[in-house]
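# Fold and geometry: a report
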Amino acid sequence: MPKKPGFSPEHAEPSVKLSARGVARLQGRHPWVYRSDVADSNGVPPGSLVRVLDERGKFLGTALYSSSSQIAIRLISHGSVADLPALVAERIRAAIGYRKDLVSESDAYRVVFSEADFLPGLIVDRYNDVLCLQILTQAMDAAPVRAAVLETLREELQPAGIVERVDARIRELEQLPPLQSRLLWGEKSSTVFTMNSGSMNGGVRFHYDGLEGQKTGAFLDQRENYAAAAQYAHGEALDAFCYQGGFALHLAEKCSSVMGVDSSRPALEMAEKNATLNGREMEWIEANAFDLLREYASSGRRYDTIVLDPPAFAKTKRDLEKALGGYKELNLRAMKMLRPGGILVTCSCSYHVSASDFFEVVADAARDARKTFRVVENRGAAKDHPMLLNVPETGYLKCLMLTVSD
Ligand code: SAH
């Protein structure tokens, strides 16, 4: 068998050996190998680029190594890698190129989506002229890699500002020194962006502030679902778990009234600013959506359009049963409140809840509601959040659009 470059014993990179189970993971085209499936990683420094070997020393590829995460190995290439910053730059350019064909009518989208763009631990979102990056692994945090990321993004996208959003918990888990969210480059950390500009009267506009807010900005993965939902929306609408108004503002053009519900006051304040930006008047209610839906359903309120987009209920596999109970309850109440001909847009972003689990729980709710629904659309995340066929973790978002026929 011909040797691959980088196969030579004098190669300077550290190497790790995998157990048979670890090898099987990679052969299954999954880039992650858990620590328990690493047979030998003696002396490998945190965040290194490592050569991955089987127990007999056969070369399997090159990976990013984490000394603290349960995911010890994230494969970055099936070949050898001489220059990680150069590879990262090339992969970022490829990710940008991929979106050129797939994203239209929006100046906000995910530019780089970690494993799904073969850049484990790097996320970059674009909000018009401001870029927001998140660094989630030791290897991506290394200074030469960071420098390559910034330079490539500046060259390719010419932003007015690049911010870094830091999740303190993730840095702690990766045993990286604490950092603050901050402007990394340029002058601008806030802007206005526009989605779905080919429809919706020139699109829906949103404020973005990279250094504020409860998360990294908008839920860009729902962008195409907003436009799809607007196609079917009509009458009186309720957007439960509305955050900064993503669905609600898209529904507004088609509906006689839209009410958004969320438990976060800062999210609703931003939703109201977004409504003003779009010249809309809407009602925002700060409440626990479970309580509100229970109360509304029992007091006989009715809607023509209902959106359910709750946070991930199942953060771990152990939460699955409870999470399914939560989805069942929400969907059952919403279904009861739908008028004949109404549309339900129901989402789940927990990746521990599979598409078939979700389908089943929604179907179960329909049985209890004693109503017949037609599946008008069975959707996932927008195309700028690609999914890898053999990496289920990349395909977490489910979005069903159902009409009630009786
Ligand atoms: N649909 C939104 C995203 C929703 S994210 C969009 O497209 O932009 C989930 C939202 O649920 C968050 O804004 C969070 O504040 C809210 N939330 C979490 N628990 C809640 C509860 N029990 N009741 C109401 N809102 C809740």
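Up top is the structure.
Note that this is a predicted model, so its numbers are computed, not measured.

## Quick notes on empty space enclosed by the protein
- Overall, the coordinates contain two cavities of 30 Å³ or more when judged by the stated rule.
- In this structure, the largest cavity encloses a volume near 40 Å³.
- In terms of lining, the largest cavity is formed by I135, L136, R165, V166, D167, I170 and R171.
- Across the lining of the largest cavity, the residue classes break down as four nonpolar, no polar and three charged.
- Approximately 30 Å³ is the volume attributed to the second largest cavity.
- Surrounding the second largest cavity, L64, Y65, S66, I71, A72, R74 and T137 form its lining.
- Within the residue set of the lining of the second largest cavity, elements represented by two or more residues are β5 (59-65) and β6 (71-77).
- In terms of residue count, the dominant contributor to the lining of the second largest cavity is β6 (three residues).
- Partitioning the lining of the second largest cavity into residue classes produces four nonpolar, two polar and one charged.

## Comments concerning the packing of aromatic side chains
- Summed over the entire model, instances satisfying the criterion amount to 10 aromatic pairs.
- Ring centres 6.4 Å apart and planes at 80 degrees place the aromatic pair F241 and F290 in the edge-to-face group. Here F241 is found in the loop between β14 (235-240) and α7 (246-251), whereas its partner F290 is found in helix α9 (residues 289-298), with 49 residues between them in sequence.
- A centroid spacing of 5.8 Å and a plane angle of 45 degrees characterise the contact between F290 and F313, whose relative ring orientation is tilted.

## Remarks on the packing of α9 against helix α10 (residues 320-337)
- Running from N to C, α9 and α10 cross one another at 35 degrees; their axes reach a closest spacing of 9 Å. By crossing handedness, the relation of α9 to α10 is classed as left-handed. Taken together, the residues of α10 that come into contact with α9 (itself represented by F290, L293, R294, Y296 and A297) are G326, E329, L330, R333 and M337.
- Here the contact of α9 with α10 is composed, by residue class, of six nonpolar, one polar and three charged.

## Here's the deal with the sheet that holds β14
- Within the open sheet, the seven strands sit side by side as β16-β15-β14-β17-β18-β20-β19. Their pairing is mixed. Two strands close off the open sheet at either side, each with one partner strand: β16 (283-286) and β19 (373-379). The sheet shows a mean angle of 15 degrees between the axes of neighbouring strands, taken without regard to direction.
- Where strand β17 (residues 303-308) and strand β18 (residues 338-348) come together, five bridges link them in parallel fashion. Residue pairing in the sheet places V307 in a bridge with V345 of β18.

## Quick look at the site of the ligand
- The environment of the ligand is formed by 15 residues, the closest being Y226, D262, S263, A289 and D309.
- The contact in question runs from a nitrogen atom of the ligand to an N or O atom on the backbone of F241, over 3.1 Å.
- N288 places a polar side-chain atom, nitrogen or oxygen, 3.2 Å from a nitrogen atom of the ligand.
- For the ligand, whose unbound accessible area comes to 580 Å², protein coverage reaches 87%.

## A look at the pattern of salt bridges
- Applying the stated criterion across every chain yields a total of 22 salt bridges.
- Of the charged contacts, one joins D37 and R21 as a salt bridge, the two residues approaching to 3.0 Å between their closest N and O atoms. Here D37, found in the loop between β2 (32-34) and β3 (38-40), pairs with R21, found in helix α1 (residues 20-27); they are 16 residues apart in sequence, far enough to count as distant.
- The class of D37 is buried, set by a relative accessible area of 5%.
- One salt bridge in this structure joins D125 and R110, with 2.7 Å as the shortest N-O distance. Of this pair, D125 sits in strand β8 (residues 122-127) while R110 sits in strand β7 (residues 108-113), placing them 15 residues apart in sequence.
- The exposure class assigned to R110 is buried, which follows from its relative accessible area of 12%.

Parameters and conventions
Counting starts from 1 at the beginning of each chain's written sequence and moves along it residue by residue. Local features in this predicted model are restricted to residues of pLDDT 70 or higher, and side-chain atom pairs are both shown and tallied only at a pLDDT of 80 or more, whereas totals for entire chains, interfaces and linings draw on every residue. To get the side-chain values, take all heavy atoms of the structure and skip hydrogens and water. Here the term cavity refers to a set of points on a 1 Å grid, laid over the protein atoms alone, in which a 1.4 Å probe fits but cannot get out; the term pocket refers to an open set having protein on both sides within 12 Å along at least five of seven lines, with lining residues being those that place an atom within 4 Å of a point. Grid points are joined across faces, edges and corners, and a volume is the space filled by probe spheres set on the points. We call Asp, Glu, Lys and Arg charged. Ala, Val, Leu, Ile, Met, Phe, Trp, Tyr, Cys and Pro are nonpolar, and the rest, Gly among them, are polar. Each helix corresponds to a stretch of at least 4 residues labelled H or I by DSSP, and each strand to a stretch of at least 2 residues labelled E; elements are numbered beginning at the N terminus. Stacked, edge-to-face and tilted labels apply to pairs of Phe, Tyr and Trp rings (six-membered ring for Trp) whose centres lie within 6.5 Å, assigned for plane angles under 30 degrees, over 60, and everything in between, in that order. Comment: axis = line fitted to C-alpha atoms, over the contacting stretch for helices; angle = value between 0 and 180 degrees taken between N-to-C directions. Left-handed is the label given to a crossing in which the near helix is rotated counterclockwise from the far helix by less than a right angle, and right-handed is the label when the rotation is clockwise. Whether two residues are in contact is decided by their heavy atoms, any of which lying within 4.5 Å being enough. One requirement defines pairing of two strands: DSSP has to find at least two bridges between them. Note on terminology: near, applied to a residue and a molecule or strand, indicates that one of the residue's heavy atoms is within 4 Å of it. For this analysis, a polar contact is any N or O atom pair within 3.5 Å, provided that within protein one partner can donate a hydrogen and the other can accept it, and provided that sequence-adjacent residues contribute only side-chain to side-chain pairs. Surface accessibility in these figures is a Shrake-Rupley result with a 1.4 Å probe; residues are shielded only by whichever protein chains are displayed. In what follows, salt bridge is the name for a side-chain nitrogen of Lys or Arg lying within 4 Å of a carboxyl oxygen of Asp or Glu. Whether a residue is buried, partly exposed or exposed follows from its accessible area with a 1.4 Å probe, protein chains only, as a fraction of its type maximum: under 20%, in between, or over 50%, in that order.

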